[in-house]
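Observations on the model geometry
In case you want the letters, here they are:
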Amino acid sequence: MPVRSGTRVVRYVLLGAAAAVVVAGVFVTWLAVRAPAATCDNTYVGPDLGSFNLAANWSAGHVPTSSENACITQPITLPTGGTLSTYTVVLSSSASVGSLSLGGSTGTQTLIIDSNNSQLTIGATTGSTVNANGVLVLGDGPDTALAALGAGSGTLTNDGTVDTVPGGTDLVRVNVINDGLVSVQNGTQQDGNGGATHFTNNGTVTVATGHSYAITVASTVTNTAGTITDNGTFSV
């Protein structure tokens, strides 16, 4: 798909082993602007390896809705007392939230979107963020169905880590501003779900050997101040 640079249209496919690629200063018609930060309406309070889809695991007593800002940021309380700052939450069936904030001030908070046709849809108004201590994982386990992060025209800003791992097809259906690390370890498509999305890289993208990140369906990409290390296929 085209990368628009002024009035020129540049098409490229990055291939090769251990190729470090920097595409700098590319201007696209879509500007990478962070949406306003969200306040927390519903915060995860469940156990380590707990379900995103279980009402009892949330501070509001129900699974976050499309009008709520969902946060996985706070230490969780252990049954024996004390708290745990490093934990994992698993989304195993599709859900919609107004926005997502992942990663708190201490520890590491991980959200796995399971590869069993699960999609987490984020809203378009308020910014969704993977913070510095957050890890978002697309795909996991033996399933061969898709794992997806979706939105109408929402934007996810990544200041932490986004991993795409084996287990079906991993789909990114949101605008992405990457200021952290995107680690591609599985076949991954930024397909827009039928519409154009945009990927802006100010951080690091790594594509593992034998895997790919394909930006499709009229979507655009710009690499402003980041690096793309392509051991597989990064295609635009």
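Residues numbered from 1 in each chain as written. Predicted model: local features only at pLDDT ≥ 70, side-chain atom pairs only at ≥ 80, totals over all residues. Heavy atoms only, no water.

Bringing the packing of aromatic side chains into the picture now. Two numbers describe a pair of aromatic rings. These are the distance of the centres and the angle of the planes. A full pass over the atoms with the stated rule returns 5 aromatic pairs. Here Y44 and Y87 contribute two aromatic rings whose centre-to-centre distance is 5.9 Å and whose plane-to-plane angle is 20°, an arrangement assigned as stacked. Separated by 43 residues along the polypeptide, Y44 in the loop between β5 (42-43) and β6 (50-51) and Y87 in strand β10 (residues 87-91) bring together distant segments of the chain. Assessed through its relative accessible area of 1%, Y87 is described here as buried. Aromatic side chains F52 and W58 sit 5.0 Å apart centroid to centroid with 75° between the ring planes, which places their arrangement in the edge-to-face category. (Phe/Tyr/Trp six-rings, centres within 6.5 Å; stacked < 30°, edge-to-face > 60°. Helix = DSSP H or I, 4+ residues; strand = E, 2+ residues; numbered from the N terminus. Buried < 20%, exposed > 50% of the residue type's maximum accessible area, 1.4 Å probe, protein only.)

This next bit is on the side chain of D163. When you line up the elements, D163 lands in strand β18 (residues 161-164). Other than its neighbours up to four places away in sequence, D163 contacts V135, L136, V137, L138, S183 and Q185. (Contact = heavy atoms within 4.5 Å.)

Relative to the elements of secondary structure, V174 occurs in strand β19 (residues 170-178). By relative accessible area, V174 is classed as buried at 1%.

The phi dihedral of L49 is positive, around 65°, even though this residue is not glycine. Within the secondary structure layout, L49 lies in the loop between β5 and β6. Residue N117 is not a glycine yet carries a positive backbone phi of 65°. You can call N117 partly exposed: its relative accessible area is 49%.

Inspection of every chain in the model, using the stated rule, returns 1 disulfide. A sulfur-sulfur separation of 2.0 Å characterises the disulfide bridge that pairs C40 with C71. Between C40 and C71, the disulfide has an S-S torsion of -95° and is therefore left-handed. One end of the pair, C40, is in the loop between β4 (19-21) and β5; the other, C71, is in strand β7 (residues 69-72), with 31 residues separating them in the sequence. According to the relative accessible area criterion, C40 is partly exposed, its value standing at 41%. (Disulfide = S-S within 2.5 Å.)

Remember, this is a structural readout, not a statement about activity or role.
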